[in-house]
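The residues making up each chain are set out below.
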Amino acid sequence: VVFLLFFFFFFFKQKTAYEISACLVGSEMCIRDRRTVEDTFQIHTFIRQHSPRSAVLAGGGFIGLELAENLRQRGLEVTIVEQMPQVLAPLDEEMAAFLHAELRQHGVRLLLGHSVAGFQATDSGLHVLLQDGQALPADLAVLALSLIHI
């Protein structure tokens, strides 16, 4: 099952991704399940209305990379947080290394081997909290995750 959740966080206290999903699934204000092309128009609207300067994307799969490309073309600083040691897990390590170099050359920051633990609203905006304790400031955070059931 592949799903994409978009988070536009402005008003959250520190919560884990699970807690946010549990309390806000279906909320018109902050979280939505993204499955259609029309859903992407809401990201466009958010960017047009709020002019974010930075985005943190949790997930380095096909959707996360496509979103990173589009956000960079719009001038946003983009960070991809990927739990695996590489983006696009189906690629072998050598091919992924070429992709990593290309992403970095285009200004995408990669945090490989890291995972998102939660989100926190601060006076200065949103912080994406990583498992290792880092807090990444962002104007926009997107979960671009796929779940694999074994």
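Placed above this text is the structure.
First things first, this report covers the structure right here in the doc.

1. Describing the nonpolar core
So, point 1. With 19 residues, the main nonpolar core has Leu 57, Leu 71, Val 78, Ile 80 and Leu 140 as its most contacted residues.
So, point 2. Where this core is concerned, the elements lending two or more residues are helix H2 (37–50), strand S4 (54–58), helix H3 (62–73), strand S5 (77–82), strand S6 (108–112) and strand S10 (140–143).
So, point 3. In this structure Leu 71 touches Ile 47, Ala 55, Leu 57, Leu 76, Val 78 and Leu 140, once residues within four positions along its chain are discounted.
So, point 4. One finds Val 56, Ala 58, Phe 119 and Leu 136 within the second-largest nonpolar core, a separate group that totals 13 residues.

2. A word on H3
So, point 1. In this model, H3 (12 residues) spans 17 Å end to end at C-alpha, consistent with the 16 Å of a helix rising 1.5 Å per residue.
So, point 2. Turning to H3, its buried residues are Gly 64, Leu 65, Leu 67, Ala 68 and Leu 71. One side of H3 carries all its buried residues, which in axial view fall inside an arc of 165 degrees. When the buried face of H3 is taken as reference, the exposed residues oriented beyond 90 degrees from it are Phe 62, Glu 66 and Gln 73.
So, point 3. Trailing H3 by a residue or two, Gly 75 shows a phi angle of about 95 degrees, which is positive.

Conventions used here
Residues numbered from 1 in each chain as written. Predicted model: local features only at pLDDT ≥ 70, side-chain atom pairs only at ≥ 80, totals over all residues. Heavy atoms only, no water. Core = buried A, V, L, I, M, F, W, Y, C linked by side-chain atoms within 4.5 Å. Buried < 20%, exposed > 50% of the residue type's maximum accessible area, 1.4 Å probe, protein only. Helix = DSSP H or I, 4+ residues; strand = E, 2+ residues; numbered from the N terminus. Contact = heavy atoms within 4.5 Å. Expected span 1.5 Å × (residues − 1). Arc of directions from axis to C-beta.

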